[in-house]
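# Geometric and topological summary
Letter by letter, the chains look like this.
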Amino acid sequence: MLQLQNTDQTWLHEVIAKITNKMDLVSERSRNKIPYTVVNGVHDDRSVDNPSCLDADGICWWTNGFWGGILWLMHHETGNEKYQEIAKISEDKLDECFQQYNGLHHDVGFMWLPTSVANYKVTGNQKSKTRALHAANLLAGRFNLAGRFIRAWNDLDEGDTRGWAIVDCMFNIPLLYWASEETGDPRFKQIAMAHADTAMTAFVRPDGSVNHIVEFDPFYGGVVKTYGGQGYEDGSSWTRGQTWALYGFMMSYIHTGKEEYMHTAKRIAHYFMANIPENGVIPIDFRQPKEPAYEDSTAAAIAACGLIEIAKAVGQNEQAVYLNTALKLLRTLDESRSDWSAETDNILINGSAAYHNPNRHTAIIYGDYYFIEAIFKLKGNDLYLW
Ligand code: GLY
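Residues numbered from 1 in each chain as written. Predicted model: local features only at pLDDT ≥ 70, side-chain atom pairs only at ≥ 80, totals over all residues. Heavy atoms only, no water.

In plain terms, the rule: UniProt positions are given in the numbering used here, feature names are shortened, and annotations may be inferred rather than shown by experiment.
Per an unreviewed UniProt entry, the recorded name for the protein chain is Glycosyl hydrolase family 88, and the organism is Paenibacillus donghaensis. Taken verbatim from the UniProt record of the protein chain, the Sequence similarities (unreviewed entry) comment is "Belongs to the glycosyl hydrolase 88 family."

### Points about the pattern of salt bridges
Any two side chains of opposite charge can pair, so long as their charged atoms come close to each other. The test is simple: Between Lys or Arg on one side and Asp or Glu on the other, a salt bridge is scored when a side-chain nitrogen of the former is within 4 Å of a carboxyl oxygen of the latter. Helix and strand assignments follow DSSP, with helices taken as H or I runs no shorter than four residues and strands as E runs no shorter than two, numbered in order from the N terminus. Whether a residue is buried, partly exposed or exposed follows from its accessible area with a 1.4 Å probe, protein chains only, as a fraction of its type maximum: under 20%, in between, or over 50%, in that order.
Summed over the entire model, instances satisfying the criterion amount to 26 salt bridges. When the shortest N-O distance is used, the salt bridge between Glu 295 and Arg 337 registers 2.4 Å. Taken together, the residues span a long stretch of sequence, with Glu 295 in the loop between helix H10 (259-275) and helix H11 (297-314) and Arg 337 in the loop between helix H12 (320-336) and helix H13 (365-379) at a distance of 42 residues. Taking the relative accessible area as the measure of exposure, Glu 295 reaches 8% and is therefore buried. Note on Arg 337: relative accessible area 18%, which makes it buried. Put simply, Asp 24, Glu 28, Arg 31, Lys 82 and Glu 85 are held in one network by salt bridges that share partners.

### Quick notes on the pairing of strand E7 (residues 223-227)
Worth spelling out the cut-off: Each pair of strands is called paired provided DSSP finds at least two bridges between the two strands.
Both strand E6 (residues 213-216) and E7 contribute to a ladder of 4 bridges, which runs antiparallel. By the bridge assignment, Ile 213 is partnered in E7 with Tyr 227.

### Quick word on the site of the ligand
Rules: Working definition: residue near molecule or strand if any one of its non-hydrogen atoms lies within 4 Å of it. A 3.5 Å cut-off defines polar contacts: any pair of N or O atoms within that distance qualifies, except that in protein one atom must be a possible hydrogen donor and the other a possible acceptor, and neighbouring residues in sequence count only when both atoms are side-chain atoms. Per-residue and other accessible areas follow the Shrake-Rupley method at a 1.4 Å probe size, with only the shown protein chains counted as cover for residues. Ten residue types, Ala, Val, Leu, Ile, Met, Phe, Trp, Tyr, Cys and Pro, are classed as nonpolar, four, Asp, Glu, Lys and Arg, as charged, and the remainder, Gly among them, as polar.
Taken together, Trp 62, Asp 168, Gln 230, Trp 238, Arg 240, Trp 244 and Tyr 366 make up the full set of residues adjacent to the ligand. Between the ligand and the protein, one listed contact pairs a nitrogen atom with a side-chain N or O atom of Asp 168 at 2.5 Å. For the ligand, whose free accessible area comes to 200 Å², the fraction covered by protein is 94%. For the shell around the ligand, the residue count by class is 4 nonpolar, 1 polar and 2 charged.

### Details of helix H9 (residues 239-256)
This is how it is decided: One less than the number of residues in a helix, times 1.5 Å, gives the span that helix is expected to have.
The end-to-end C-alpha distance of H9 is 26 Å, a good match for the 26 Å that 18 residues give at a rise of 1.5 Å each. Among the 18 residues in H9, 16 count as buried, and that is most of the element.

### Structural notes on the packing of aromatic side chains
In this description, a pair of aromatic rings is defined by centroid distance and the angle of the planes. This is how the line gets drawn: Between the rings of Phe, Tyr and Trp (Trp by its six-membered ring), a pair exists once the centres lie within 6.5 Å; its type follows the angle of the planes, with under 30 degrees stacked, over 60 edge-to-face, and the other angles tilted.
For the structure shown, the criterion picks out 34 aromatic pairs. Seen from their ring centres, Phe 66 and Phe 110 are 5.8 Å apart, and the 50 degrees between their planes marks the pair as tilted. With Phe 66 in helix H3 (residues 66-78) and Phe 110 in helix H5 (residues 108-123), this pair connects stretches of sequence that are 44 residues apart. Overall, Phe 66 belongs to the buried group, its relative accessible area being 0%.

### Remarks on the environment of Leu 145
You can see Leu 145 is positioned in the loop between strand E3 (143-144) and strand E4 (149-150). By relative accessible area, which is 68% here, Leu 145 ends up exposed. Residues Leu 145 and Ser 180, 35 residues apart in the sequence, show an inter-C-alpha distance of 19 Å.

### Digging into the side chain of Ser 128
In plain terms, the rule: Residues are treated as being in contact if the distance between any of their heavy atoms lies within 4.5 Å.
Tracing the backbone shows Ser 128 in helix H6 (residues 126-140). Not counting residues up to four positions away in its chain, the partners in contact with Ser 128 are Glu 91, Ser 116, Asn 119 and Tyr 120.

### Quick look at the sheet that holds strand E5 (residues 164-166)
For the record, the criterion: Helix axes are fitted only over the stretch in contact, all axes being lines through C-alpha atoms; the angle between N-to-C directions runs from 0 to 180 degrees.
Taken together, the 3 strands give an open sheet; going across it, the order is E5-E6-E7, and neighbouring strands pair in antiparallel fashion. What marks the edges here is a single partner per strand, and that holds for E5 and E7. Going across the sheet, the axis of each strand differs from the next one's by a mean of 25 degrees, ignoring polarity. With 3 bridges joining them, E5 and E6 adopt antiparallel strand pairing. Along E6, the bridge assignment pairs Ile 166 with Ile 213.

Here's what the structure looks like:
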């Protein structure tokens, strides 16, 4: 049970009202789209701009589950049936991805947990369950037995990535936990835990920061090298990667009860909290140069979700530090990094996909998703989609 002050409760109810008012309009405007960002305030559409998996940012783009996820969260919060109707439109469109091979990689968890697993959990839809089990089998098939890791991407532009694993995968393995819980077959969970155990030693550094990419020898399994990935440089501290690990290890703890996962999440959380700037605005990388002051609102939203889950798990005596930090991050997003206008389709501004990607400080769909998830978590009756 989260202990919120009265002033925080008042603020929370105001933000929930702003979210429900805005999403009521946006869901109608974007009902046939699968958005990633906005162009002049209007959602783009990954399902028509490039309806092929040959270019990775088309229909197989890893973020294509978040729009459905937002709609399932809104359905749960409001009880309005229109949200589940619209969520199913994007879920149906994702079927095209199963016809592809190279376009689909480890991000099937990000894609089918907030869509098909959500639909199955809420409505019992058997087609959704089948889709999610197909996705889980694809993910399990990427397990490298020698290195005990789930391979990240396919060889597209990156060169030989047979030995690559990335920290983001901590959000994909809940699909494997779900598959074991659903089928009773322990293989999926065994693979998820083997990957999480490898990630604890190969990704998490002694100070609680994490690597983005670790390359293993795909034949013998040892660590070959690390890469900075979407962060500033090798050895730096890409903030969204820190949050994929922080919340990701909590997800593994929630599904398995293995205490080491929660300790790891707390270790990463303490590193993260110690690095939050006074103004509560999260940079793209904690070890980037001070100027330009590039930031990433998505990292703040994901961190808030993970911190709230830690606060719930540790109980009332210990929860204040995690809960108050989450509140600081979310209040900062609401007060200075949100667009509450009824005319635009995004909520958060200033998301950044990667430090060296010139399209910094934009709207990104998973920023909105995790902001909404965090707000509903604070209320205490959220639909847990991971
Ligand atoms: N999973 C890729 C990213 O966080 O951008």
